[in-house]
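# A structural walkthrough
In case you want the letters, here they are:
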Amino acid sequence: MQWMLDESYETSAGKVAAGRGGDGPDLVLAHGWPWSSYSWHRVIPELARHFRVHWYDMPGYGQSEKFDGQRSSLNVQAEVFVELLGHWGLQNPRVVAHDFGGATTLRAHLLHGCDFDRYVLMNVVAMRPWGSAFFDHVAKNVEAFEGLPSHIHRAIVQAYIRGAFANDIDPRDLERLVAPWLTEDGATSFYRQFAQADEKYTEEIEPYFGDIRCETKIIWGDKDPWIPIARGKALRDAIRKTEFMTLHGAGHMPQLEDVSATNIELLNFL
């Protein structure tokens, strides 16, 4: 089973591209910023040997719809996640979330009542403060970045995405991660994400981390240049009843930097 996007669903935030495959219990993968479901493509083949795996591009990301005035902030992403579980007919799936996918699925679980069977949080955005110095700078100066010449925009996106890795990855993977942001609507959506970022969406759920209703495991690359492992350990302490696994030498994207170790940790828990 290989990653592909051969389904689409109408949601309250526009059309969403999705895919699924494999046999077994249902497993949903939730990507983060500035990624797409392609970020899972190296772990999907092994996961699909054991699970019915569901993946999708969040509204405003990847091959999903991007349009002027689109709201794609974390509160909206959580609502769309709930809608997709309904489209797929899933009531108690296993869930693996990365980066902003953490805040998205935590909101779905803690604020919208979605139940999960088992839950993995990998290098997630979940607690304040979040965002790099560059992230904060762009968020405060979005208009200055919009309309940049295409070659300068490409360089910014490439440099930003490279900054997440502690290790070299396949150059083809880097190009596929960058590509959705290079179209006209992709460039607009790229900077829109900075503008719509708001820590209130994690502030709202932080008091409820101890109320998570399922077995939970936190996986963290200890060389993460974006979200230090200390933040992951603080999340562990807030949740209290959770496993914590350090992936030594991995950066912010273990699913691309250390595929074998990531699959082992996911399968051992799920």
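Details of the structure are given in the entry above.
The text that follows walks through the structure, step by step, so that each part is easy to find. (Residues numbered from 1 in each chain as written. Predicted model: local features only at pLDDT ≥ 70, side-chain atom pairs only at ≥ 80, totals over all residues. Heavy atoms only, no water.)

### With respect to unusual backbone geometry
Keep this limit in mind: Helix and strand definitions here come from DSSP, where helices need a minimum of 4 consecutive H or I residues and strands a minimum of 2 consecutive E residues; each element is numbered from the N-terminal end.
That bond from W33 to P34 is cis: its omega, -5°, falls within 30 degrees of zero. Within the secondary structure, P34 is located in the loop between β3 (26-30) and α1 (44-47). Here the amide bond leading from R128 into P129 is cis, since omega sits at -5°, within 30 degrees of zero. Along the chain, P129 falls in the loop between β6 (118-124) and α4 (133-140). One non-glycine residue with positive phi stands out, namely D99, at about 55°.

### Notes on the environment of Y38
Short version of the rule: Should any heavy atoms of two residues lie within 4.5 Å, those residues are counted as being in contact.
Here Y38 shows up in the loop between β3 and α1. Each C-alpha atom of the pair Y38 and S8 lies 15 Å from the other, and the pair is 30 residues apart in sequence. The contacts of Y38, once residues within four sequence positions are left out, are W3, D57, R172, D173, R176 and L177.

### Here we look at the pairing of strand β5 (residues 94-99)
Which entries qualify depends on this criterion: Using a 1.4 Å probe on the protein chains alone, a residue whose accessible area is under 20% of its type maximum counts as buried, one over 50% counts as exposed, and one in between counts as partly exposed. A pair of strands counts as paired when DSSP detects no fewer than two bridges linking them. Look down the strands so they point away from you; if the path from the first strand over the helix to the second goes clockwise, the crossover is right-handed.
Of all 6 residues making up β5, 6 are buried, and the element is well covered by its neighbours. Relative to β6, β5 runs parallel, the two being bridged by 5 bridges. Across the sheet, H98 pairs through a bridge with M122, a residue of β6. Between the parallel elements β5 and β6, the chain passes through helix α3 (residues 100-110) in a crossover that is right-handed.

### Considerations on the sheet that holds strand β4 (residues 52-56)
Quick note on the threshold: Fitting a line to C-alpha atoms yields each axis, with helices limited to the stretch in contact; the angle taken between N-to-C directions then spans 0 to 180 degrees.
The sheet built from 8 strands is open, its strands ordered β1-β2-β4-β3-β5-β6-β7-β8 with mixed pairing. This sheet does not close on itself; its edge strands, each paired only once, are β1 (7-11) and β8 (243-247). Between one strand and the next, the sheet's axes are offset by a mean angle of 20°, whatever the strand orientation. Sheet strands touched by α3: β3, β4, β5 and β6. Its angle to β5, the strand with the most contacts, is close to 135°. Most of the contacts of helix α12 (residues 259-269) go to strand β7 (residues 215-221), to which it runs at about 170°, and overall it touches β5, β6, β7 and β8.

### Here's the deal with the side chain of E265
If you trace the backbone, E265 turns up in helix α12. Overall, the relative accessible area of 13% leaves E265 in the buried class. Those residues in contact with E265 that lie beyond four places of it in its chain are K217, I219, M245 and L247.

Spatial relationships are all this shows, so hold off on functional conclusions.
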